[in-house]
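Structure assessment
Each chain is listed here by its residues.
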Amino acid sequence: MGSLTFKRINTPVTGYEHALRGKASSIALSGIFLTLAYVLLLPPVYIPVDSVMPVTNTTDLISKYFALIAVAFLGGHLSVAYASPFARRWTVGAPGAVMLGVVATGLLGTLLATNAPRPSPQLLDYAAQPSVRLNTWLVLAYVAYIVFPLIGPAYRDARKNPLRVGRLASGLIAGGFALSLARAFTYPIELGATGDVTYLFMIVSYISTAFVVIGLALFAYARRSRKTETELGSALSID
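These lines cover the structure that appears in this document, whether it is placed above or below. (Residues numbered from 1 in each chain as written. Predicted model: local features only at pLDDT ≥ 70, side-chain atom pairs only at ≥ 80, totals over all residues. Heavy atoms only, no water.)

Turning to the side chain of Asp50, a few remarks are in order. Here Asp50 lies in helix H3 (residues 43-50). At a separation of 2.9 Å, a polar atom in the side chain of Asp50 contacts the side chain of Thr59. Beyond its immediate stretch of four places on either side in the chain, Asp50 contacts Val55, Thr56, Asn57, Thr58, Thr59 and Pro119. (Helix = DSSP H or I, 4+ residues; strand = E, 2+ residues; numbered from the N terminus. Polar contact = N/O pair within 3.5 Å; in protein donor to acceptor, adjacent residues only side chain to side chain. Contact = heavy atoms within 4.5 Å.)

All right, on to the pattern of salt bridges then. For the structure shown, the criterion picks out two salt bridges. In this structure, Asp60 and Lys64 form a salt bridge, with 2.9 Å as the shortest nitrogen-oxygen distance. Remark: Lys64 and Asp60 occur in helix H4 (residues 58-81); sequence separation between them is four residues, near one turn of the helix. For the pair formed by Asp60 and Lys64, the shared burial category is buried. (Salt bridge = Lys/Arg side-chain N within 4 Å of Asp/Glu carboxyl O. Buried < 20%, exposed > 50% of the residue type's maximum accessible area, 1.4 Å probe, protein only.)

Bringing the packing of aromatic side chains into the picture now. Scanning the entire structure with this criterion turns up four aromatic pairs. Between the aromatic rings of Phe33 and Phe73, the centroid separation amounts to 6.1 Å while the plane-to-plane angle is 15°, which identifies the pairing as stacked. Placement of the pair is Phe33 in helix H2 (residues 24-40) and Phe73 in helix H4, with a sequence separation of 40 residues. Ring geometry for Tyr142 and Tyr145: centres 6.5 Å apart, planes at 25°, overall stacked. Of the two residues, Tyr142 and Tyr145 both sit in helix H7 (residues 130-160), three residues apart, roughly one turn of that helix. Residue Tyr142 is classed as buried on the basis of its relative accessible area of 0%. One aromatic cluster in this structure is built from Phe33, Phe66 and Phe73. The cationic tip of Arg89 hangs over the ring face of Trp90; the distance from NZ or CZ to the ring centre is 5.6 Å. (Phe/Tyr/Trp six-rings, centres within 6.5 Å; stacked < 30°, edge-to-face > 60°. Lys NZ or Arg CZ within 6 Å of the ring centre and 35° of its normal.)

A word on the environment of Tyr145. Tyr145 gets classed as buried once you look at its relative accessible area, which sits at 19%. Apart from the residues lying within four places of it in its own chain, the contact partners of Tyr145 are Trp90, Pro95, Gly96 and Met99. A distance of 2.8 Å separates a polar atom in the side chain of Tyr145 from the backbone oxygen of Trp90. A polar contact is formed between the side chain of Tyr145 and the backbone oxygen of Pro95, at a distance of 3.4 Å.

For the rest of this paragraph, the subject is a nonpolar patch on the surface. Taken together, the side chains of Val197, Leu200, Ile203, Tyr206 and Ile207 define a hydrophobic patch exposed on the protein surface, amounting to about 460 Å² of accessible area. The residue Val197 is located in helix H10 (residues 197-225) in this model. Here Val197 falls in the partly exposed class, since its relative accessible area comes to 40%. (Patch = residues over 30% accessible without salt bridge, like charges linked within 9 Å, V, L, I, M, F, W, Y side chains within 5 Å. Areas by Shrake-Rupley, 256 points an atom, 1.4 Å probe, with all protein chains shown as cover.)

Where H4 contacts H7, the axes come no closer than 9 Å and their chain directions differ by 5°. By the angle between their directions, the pair H4 and H7 is classed as roughly parallel. Residues Asp60, Lys64, Leu68, Val71, Ala72, Gly75, Leu78 and Ser79 of H4 form the contact with H7, whose participating residues are Asn135, Val139, Tyr142, Val143, Ile146 and Leu150. Residues of the contact of H4 with H7, tallied by class, amount to nine nonpolar, three polar and two charged. (Axes fitted to C-alpha atoms, helices over the stretch in contact; angles between N-to-C directions. Parallel < 35°, antiparallel > 145°, perpendicular 65-115°, else oblique. Nonpolar A, V, L, I, M, F, W, Y, C, P; charged D, E, K, R; others polar.)

Take Gly171: it is sitting in helix H8 (residues 164-185). Under the relative-accessibility criterion, Gly171 is labelled partly exposed at 32%.

If you want it as structure tokens, here you go:
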């Protein structure tokens, strides 16, 4: 599902001021790793896989590692697509690599510090433990770290892209990234929430993911639907 969604959306459109560009492999790998992360959390997959792991709920750790890698690939791809050297440095450059290592180590440490005798996808059965709360926040913080330098470039493209569909796509991506950033910063409030209110915060993450996926899909649609300048009369006529 994820790999199909993210596949081949990056070839530049000749003559346009902006188009997603870069290697197709980066965005395809992002989709593949994201798909693997979600598949591992499905109980029919999670429980048998976790049964052969040396530490209970190692499958959750692997799933989160896959998700982090997917986000890193996506961040690197979009930093090239939006021509932002600053974003590229902080997502997949040396600072990005250090951040990924720190978060990965933190996830391992918090898992080992958790009293979790039974398999539980996303460690939901142990959500009240401080180590699990920190584990969750580390993932949210890494996502926020990756998307923060990309919000500005995406927003600018949403205002300046000559294609209407491009402006909409970048607007959705910028909006999705802003929601991800907001959830990371409001996580302390989320910890104090009770009842159904806690699900509202999770919905924010679902909405932010949907915005980004739809934005990427719109760029794919623009690529598939484009015509030559001769046919259009203008490189900016796909509207």
